[in-house]
Amino acid sequence: MELAIGLFCLICIVVAVFAGYGVAVYNGLVTARNAFRNAFAQIDVQLTRRHDLIPNLVEVAKGYMRHEREALEAVIAARGGAVDAQAAATGKPGDPAAMQQLAGAENMLTQSLGRLFALSEAYPDLKANQNMMQLTEELTSTENRVAFARQAYNDAVMGYNNKRERFPGSIVANMFSFSPAALFEVDDPQQRQAPRVTF
């Protein structure tokens, strides 16, 4: 009888230890998931700032670049696509499809801004405009902030994915549907650098 009680107590202790370890692994996964979601929120803030600067930049340029309507419209269209992609990614941070859409939209926006800045070189009055200089400086600063926020997000995603893929975290992750998170990768090598603006 005493042996049965002792064996029962031992089994209870082993089960409690495994349950406690499972809870610790689960909590670690939740913490890592919340960390990458928070890191994405920082990207979201910087992208919103970037997107908010662009209409002002276009308005200043519009007064000088009347004959460059196509370039201005391309920037506006690219901004609209980037805002939509940002909204989709904000709703599902880490979702592979949403992150790919966001990276593509931001790439298009960067390319259209690059063309706008290249065209603005032909307009000395625009280059000398104080509002234009201030807006381009703010945009460049924001591009740097986006790059830092993207790096922090990618680091947090890497930590989360490592936790969910390593044993025994992989067992807990599969049991509780912790899906993999996607990095915010930039495919275009030109986007890896902030747009070059010279005035």
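Please refer to the structure placed before this passage.
Keep in mind it's a predicted model, so treat the numbers as computed, not measured.

Q: Which residues make up the pattern of salt bridges, and what are the values?
A: In this structure the tally under the stated criterion is five salt bridges. Among the ionic pairs, R50 bridges to E143, the shortest N-O distance being 2.5 Å. Here R50 is found in helix α1 (residues 2–64), whereas its partner E143 is found in helix α5 (residues 130–165), with 93 residues between them in sequence. Take R50 and E143: they sit in the same class, and that class is buried. R69 is the salt-bridge partner of E73, the closest N and O atoms lying 2.9 Å from each other. In this pair, E73 and R69 both sit in helix α2 (residues 69–91), four residues apart, roughly one turn of the helix.

Q: I'd like a description of unusual backbone geometry, backed by residues and values.
A: Of note, the amide linkage connecting F167 to P168 takes the cis form, showing an omega dihedral of 0°. Secondary-structure assignment places P168 in the loop between α5 and α6 (169–175). Backbone geometry at S177 places phi at a positive 55°, although glycine is not the residue there. Tracing the backbone through its elements, the reader meets S177 in the segment after α6. A relative accessible area of 61% places S177 in the exposed class.

Q: Account for the nonpolar core, with residues named and values stated.
A: In this structure, L57, M99, L102, L113 and Y153 are the most contacted members of the largest nonpolar core, which totals 48 residues. Of all the secondary-structure elements, those providing two or more residues to this core are α1, α2, α3 (96–120), α5 and α6. Per-element accounting of this core gives the leading share, 15 residues, to α1. With near-sequence residues (within four places) excluded, Y153 lies in contact with F36, A39, F40, I43, P93, G94, M99, A182, L183 and F184.

Q: Could you give an account of the packing of α1 against α3, with specific residues and numbers?
A: As a packed pair, α1 and α3 sit with axes 12 Å apart at the nearest point and diverge in direction by 30°. What the angle tells us is that α1 and α3 run roughly parallel. In this structure, α1 meets α3 at a crossing whose hand is left-handed. Note on element contacts: α3 touches α1 through M99, L102, E106, L109, T110, L113, L116 and F117, opposite F40, L47, R50, H51, I54, L57 and A61. Across the contact of α1 with α3, the residue classes break down as eleven nonpolar, two polar and two charged.

Q: Got a sec to walk through the side chain of Q86? Specific residues and values, please.
A: Along the chain, Q86 falls in helix α2. Among the residues examined, Q86 registers a relative accessible area of 6% and is labelled buried. Separated by 2.8 Å, the side chains of Q86 and T48 make a polar contact. Look past the residues within four positions of Q86 in its chain and what remains in contact with it is D44, L47, T48, H51 and L102.

Q: Can you lay out the side chain of D44 for me, pointing to particular residues and giving the numbers?
A: Tracing the chain through its elements places D44 in helix α1. In this structure D44 is buried but unpaired, with R79 as the nearest side chain of opposite charge at 12 Å. For D44, the side chain forms a polar contact with the side chain of T90, separated by 2.8 Å. In this structure, D44 is in contact with Q86 and T90, ignoring residues within four places of it in sequence.

Q: Tell me what's going on with the packing of aromatic side chains, and back it up with residues and numbers.
A: Evaluated as defined, the whole model comprises five aromatic pairs. A centroid spacing of 5.0 Å and a plane angle of 50° characterise the contact between F36 and Y160, whose relative ring orientation is tilted. Of the two residues, F36 sits in helix α1 while Y160 sits in helix α5, which places them 124 residues apart along the sequence. Look at F36 and you get buried, because its relative accessible area is 4%.

Parameters at a glance
- Residues numbered from 1 in each chain as written.
- Predicted model: local features only at pLDDT ≥ 70, side-chain atom pairs only at ≥ 80, totals over all residues.
- Heavy atoms only, no water.
- Salt bridge = Lys/Arg side-chain N within 4 Å of Asp/Glu carboxyl O.
- Helix = DSSP H or I, 4+ residues; strand = E, 2+ residues; numbered from the N terminus.
- Buried < 20%, exposed > 50% of the residue type's maximum accessible area, 1.4 Å probe, protein only.
- Core = buried A, V, L, I, M, F, W, Y, C linked by side-chain atoms within 4.5 Å.
- Contact = heavy atoms within 4.5 Å.
- Axes fitted to C-alpha atoms, helices over the stretch in contact; angles between N-to-C directions.
- Parallel < 35°, antiparallel > 145°, perpendicular 65-115°, else oblique.
- Left-handed = near helix turned anticlockwise from the far one by under 90°.
- Nonpolar A, V, L, I, M, F, W, Y, C, P; charged D, E, K, R; others polar.
- Polar contact = N/O pair within 3.5 Å; in protein donor to acceptor, adjacent residues only side chain to side chain.
- Lys, Arg positive; Asp, Glu negative; His and termini not counted.
- Phe/Tyr/Trp six-rings, centres within 6.5 Å; stacked < 30°, edge-to-face > 60°.

In short, shape yes, function no, at least from these values alone.
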